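If you want the building blocks of each chain, they are given just below.
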Amino acid sequence: MCGRFVGFRNVEQLKQYFPIDDVKCEATENYNVAPSQKIIAIARIDEANVLDQYHWGLVPHWAKDISIGYKMINARSETIDTKPSFREAFKKRRCLILADGFYEWAGQKGNKQPVFITLPDKSPFAFAGLWETWNEKGSHDEVYRSCTIITREAIGAVRKIHHRMPVILPSNVYNDWLDPEHGDLKALKEMLGTKAVTDLKFYPVDKQVNSVKTNKASNLEPVQMELDF
């Protein structure tokens, strides 16, 4: 599961870490990214790696309306090549969703503690994602671009907190993942398990992050407490 994350780098900073050829949007600070919001991702468009905005929550081209996106914020890696909502995007429309960390909640229902999870060196990273375009039948309005974050069974430190985790890709597979002509879908699916980054660090943060309206850098400040696991 990945239901909230963080991204606070500007475009020039992101260019130092990711293969960006063209920029179609600004990168703004968001310390509490929630489903349905616009987020930034890199997709291969006309042979260029383009940074652009996408709504978080994938809306397949055949959907009747965009409300389905609320149920499509994550795609399970185990069924990504067979589930109708994701299989076409998996073949040709893969993307890198950029982030600096993500939140998960530990503990018992009714008293869950938010935890911030990131890389040990605190550098930005890329979730494996899929993207789609949609527009209302008969409408000539602007195309609605959307995306989803791929998840897998949790291992390592995250497993103590939740049984699922987002797939974080290492830089040496970015090109293969983005390439729509990469036809070895079996290899791409295996990449989500064997190549995924799992060396992560985490610490508890203030419960203010429970509210999506709380969007500030202090969300990431650790709180002094012992996690009960």
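What comes next is a walk through the structure. This structure is a prediction, so every number in the text was calculated from the model and none was measured.

Before going further, it helps to examine the packing of aromatic side chains. Tallying each qualifying case throughout the model produces 13 aromatic pairs. A centroid spacing of 5.1 Å and a plane angle of 65° characterise the contact between F5 and W56, whose relative ring orientation is edge-to-face. On the criterion of sequence distance, the pair formed by F5 in strand β1 (residues 5-7) and W56 in strand β5 (residues 48-56) is long-range, its members being 51 residues apart. This pair shows no difference in class: F5 is buried, exactly as W56 is. Judged by centre distance (6.4 Å) and plane angle (45°), the ring pair of Y17 and F18 falls under tilted. Of the residues examined, Y17 reaches a relative accessible area of 38% and is grouped as partly exposed. Here the aromatic cluster, defined as three or more aromatic residues joined through ring pairs, consists of F5, W56, F102, F125 and F127. The aromatic ring of W177 is capped on one face by R94, whose charged end is 5.7 Å from the ring centroid. One cation-aromatic arrangement involves R145 over Y54; the distance from NZ or CZ to the ring centre is 5.6 Å.

Okay, the pattern of salt bridges next. Summed over the entire model, instances satisfying the criterion amount to 8 salt bridges. The partner of E12 in a salt bridge is K15, with the nearest N and O atoms 3.7 Å apart. Of this pair, E12 and K15 both sit in helix α1 (residues 11-15), separated by 3 residues, roughly a single helical turn. Under the relative-accessibility criterion, K15 is labelled partly exposed at 40%.

Criteria and cut-off values
- Residues numbered from 1 in each chain as written.
- Predicted model: local features only at pLDDT ≥ 70, side-chain atom pairs only at ≥ 80, totals over all residues.
- Heavy atoms only, no water.
- Phe/Tyr/Trp six-rings, centres within 6.5 Å; stacked < 30°, edge-to-face > 60°.
- Helix = DSSP H or I, 4+ residues; strand = E, 2+ residues; numbered from the N terminus.
- Buried < 20%, exposed > 50% of the residue type's maximum accessible area, 1.4 Å probe, protein only.
- Lys NZ or Arg CZ within 6 Å of the ring centre and 35° of its normal.
- Salt bridge = Lys/Arg side-chain N within 4 Å of Asp/Glu carboxyl O.

It is worth stressing that arrangement in space is one thing and function is another; only the former is reported here.
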